[in-house]
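Results of the structural survey
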Amino acid sequence: MDRKIISAALLIKKAKKVSALTGAGISAESGIAPFRGSNGIWKKYDPEEYAHIDSFMNNPAKVWKMISELLDIIFKAEPNKGHLCLSAMEKSGCLYSIITQNVDGLHQAAGSRNVIEFHGNNMLLICMACGKKIKTEKEIYRKIPPLCPCGGILRPDVVFFGEPIPQRAITESFAEAKSCDVMLVIGTSAVVTPAAEIPIIAKENGAKIIEINIESTPLTDAVANISIFGKAGEILPEIVKNL
Ligand code: OAD
């Protein structure tokens, strides 16, 4: 483990440009359950029934029940050591960008500035009738589905299954993948495309891949140069100490 951490730190130190791809695992230590796994959100809520755009359109109140539960948790959550380490790395010039699949805003709360939100953000609501954008506040979603002053139904500014990734997020993320020489892949099961393609594109363009996860993923044997098994909030501080 120590050797892997030192090797990872050396790769980061030698690199000209380092990017990170993060997933739900980095927010687990902030009290936000990941999607998959034994305690995953998708164990309680079937994603086909609750996370697909068609389900939202058919029954927004039902889907909003799940969203409001998640929002209550996100509102209470604070960035953890993993988020804070990435923010410190950006400040010290060791990390250029973060591509996150998370919709909790915790990277920005930790002070990270160059964050690409691949699946949107829950902290903004959009009216499906007039397009007005409203900051997410607890009072707004107390009654579900929450409504815009115009009477239209509000949706969170996130990507539902069945919807395309915003073009800007794709363009920016793929550009990062092609131009970085080290990519940290932290707390993602790497099974949802196109996000899961990002480390593969990075690797094909010459980057070294450092994976941090509590368990192995499809990337571990096929793509990662170094896989460090452990919690992001414990491994990242060790890497930062060695930078
Ligand atoms: P997942 O829930 O699929 O995977 C979380 C990953 O984090 C797993 O590989 C865990 O082993 C790992 N993990 C858990 N705790 C950890 C910790 N403390 N430190 C490090 N790793 C840890 O979440 P994502 O890969 O982010 O999309 O899921 C991808 C997408 O699928 C999400 O963005 C969401 C979901 O359905 C949409 O909603 C569109």
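In what follows, the structure referred to is the one given above.
The sections below set out a description of the structure shown in this document. (Residues numbered from 1 in each chain as written. Predicted model: local features only at pLDDT ≥ 70, side-chain atom pairs only at ≥ 80, totals over all residues. Heavy atoms only, no water.)

Looking at the ligand, there are 23 residues lining it, with Phe35, Arg36, Thr188, Ser189 and Asn213 nearest. Arg36 places a polar side-chain atom, nitrogen or oxygen, 2.6 Å from an oxygen atom of the ligand. In the model, an oxygen atom of the ligand is placed 2.8 Å from a nitrogen or oxygen of the His119 side chain. In the complex, 92% of the free accessible area of the ligand, which totals 800 Å², lies under the protein chains. Per-class residue counts for the shell around the ligand are ten nonpolar, nine polar and four charged. (Near = heavy atom within 4 Å. Polar contact = N/O pair within 3.5 Å; in protein donor to acceptor, adjacent residues only side chain to side chain. Areas by Shrake-Rupley, 256 points an atom, 1.4 Å probe, with all protein chains shown as cover. Nonpolar A, V, L, I, M, F, W, Y, C, P; charged D, E, K, R; others polar.)

Turning next to the pattern of salt bridges. Under the definition given, this model contains seven salt bridges. Between Lys17 and Glu176 there is a salt bridge, with its nearest N and O atoms 3.3 Å apart. Here Lys17 is found in the loop between helix H1 (2-14) and strand S1 (18-22), whereas its partner Glu176 is found in helix H9 (residues 167-179), with 159 residues between them in sequence. Here Lys17 falls in the buried class, since its relative accessible area comes to 18%. The class of Glu176 is buried, set by a relative accessible area of 10%. A salt bridge links Glu49 to Lys62, with the nearest nitrogen and oxygen atoms 2.7 Å apart. Remark: Lys62 occurs in helix H6 (residues 60-76) and Glu49 occurs in helix H4 (residues 47-50); sequence separation between them is 13 residues. The class of Glu49 is partly exposed, set by a relative accessible area of 38%. For Lys62, a relative accessible area of 30% translates into the label partly exposed. (Salt bridge = Lys/Arg side-chain N within 4 Å of Asp/Glu carboxyl O. Helix = DSSP H or I, 4+ residues; strand = E, 2+ residues; numbered from the N terminus. Buried < 20%, exposed > 50% of the residue type's maximum accessible area, 1.4 Å probe, protein only.)

This paragraph deals with the sheet that holds strand S4 (residues 120-127). What the three strands build is an open sheet, ordered S5-S4-S6; its pairing is antiparallel. Of all strands in the sheet, those bounded by a partner on one side alone are strand S5 (133-135) and strand S6 (154-158). Direction aside, the axes of adjacent strands within the sheet are offset by 40 degrees on average. Alignment of S4 against S5, held across three bridges, turns out to be antiparallel. Counted as the bridge partner of Leu125 is Ile134 from S5. Against the sheet, H6 touches S4 and S6, its axis set at about 130 degrees to S4. (Pairing = 2+ DSSP bridges. Axes fitted to C-alpha atoms, helices over the stretch in contact; angles between N-to-C directions. Contact = heavy atoms within 4.5 Å.)

By the secondary structure assignment, Glu90 is in helix H7 (residues 81-91). Judged by relative accessible area, which is 19%, Glu90 ranks as buried. A sequence separation of 87 residues divides Glu90 from Arg3, and the C-alpha atoms of the two residues are 24 Å apart. Other than its neighbours up to four places away in sequence, Glu90 contacts Leu95, Tyr96, Gly111, Ser112, Arg113 and Asn114.

One pass over the structure, following the stated rule, counts zero disulfides. Left unpaired, Cys94 is separated from the closest cysteine sulfur, that of Cys85, by 11 Å. Under the relative-accessibility criterion, Cys94 is labelled partly exposed at 21%. The closest cysteine sulfur to the non-disulfide-bonded Cys127 is located on Cys150, 3.6 Å from its own sulfur. (Disulfide = S-S within 2.5 Å.)

Let's shift gears to the side chain of Thr220. Considering the arrangement of structural elements, one finds Thr220 in helix H11 (residues 218-222). Of the residues examined, Thr220 reaches a relative accessible area of 11% and is grouped as buried. In terms of polar contacts, Thr220 uses its side chain to reach the side chain of Glu211, at 2.8 Å. Of the polar contacts made by the side chain of Thr220, one reaches the backbone nitrogen of Thr217; its length is 2.7 Å.

Okay, the layout of surface pockets next. Roughly 390 Å³ of volume is contained in the second largest pocket. Taken together, 17 residues form the lining of the second largest pocket, with Glu117, Gly120, Asp157, Pro166 and Ala169 sitting closest to its centre. Of all elements in the fold, only strand S3 (115-117), S4, S6 and H9 reach the threshold of two or more residues within the lining of the second largest pocket. Take the lining of the second largest pocket: its biggest share by element is four residues, from S4. Class assignment of the residues belonging to the lining of the second largest pocket gives a composition of nine nonpolar, two polar and six charged. (1 Å grid on protein atoms, 1.4 Å probe; cavity = no way out; pocket = protein on both sides within 12 Å on 5 of 7 lines; lining within 4 Å. Points joined across faces, edges and corners; volume = space filled by probe spheres on them.)

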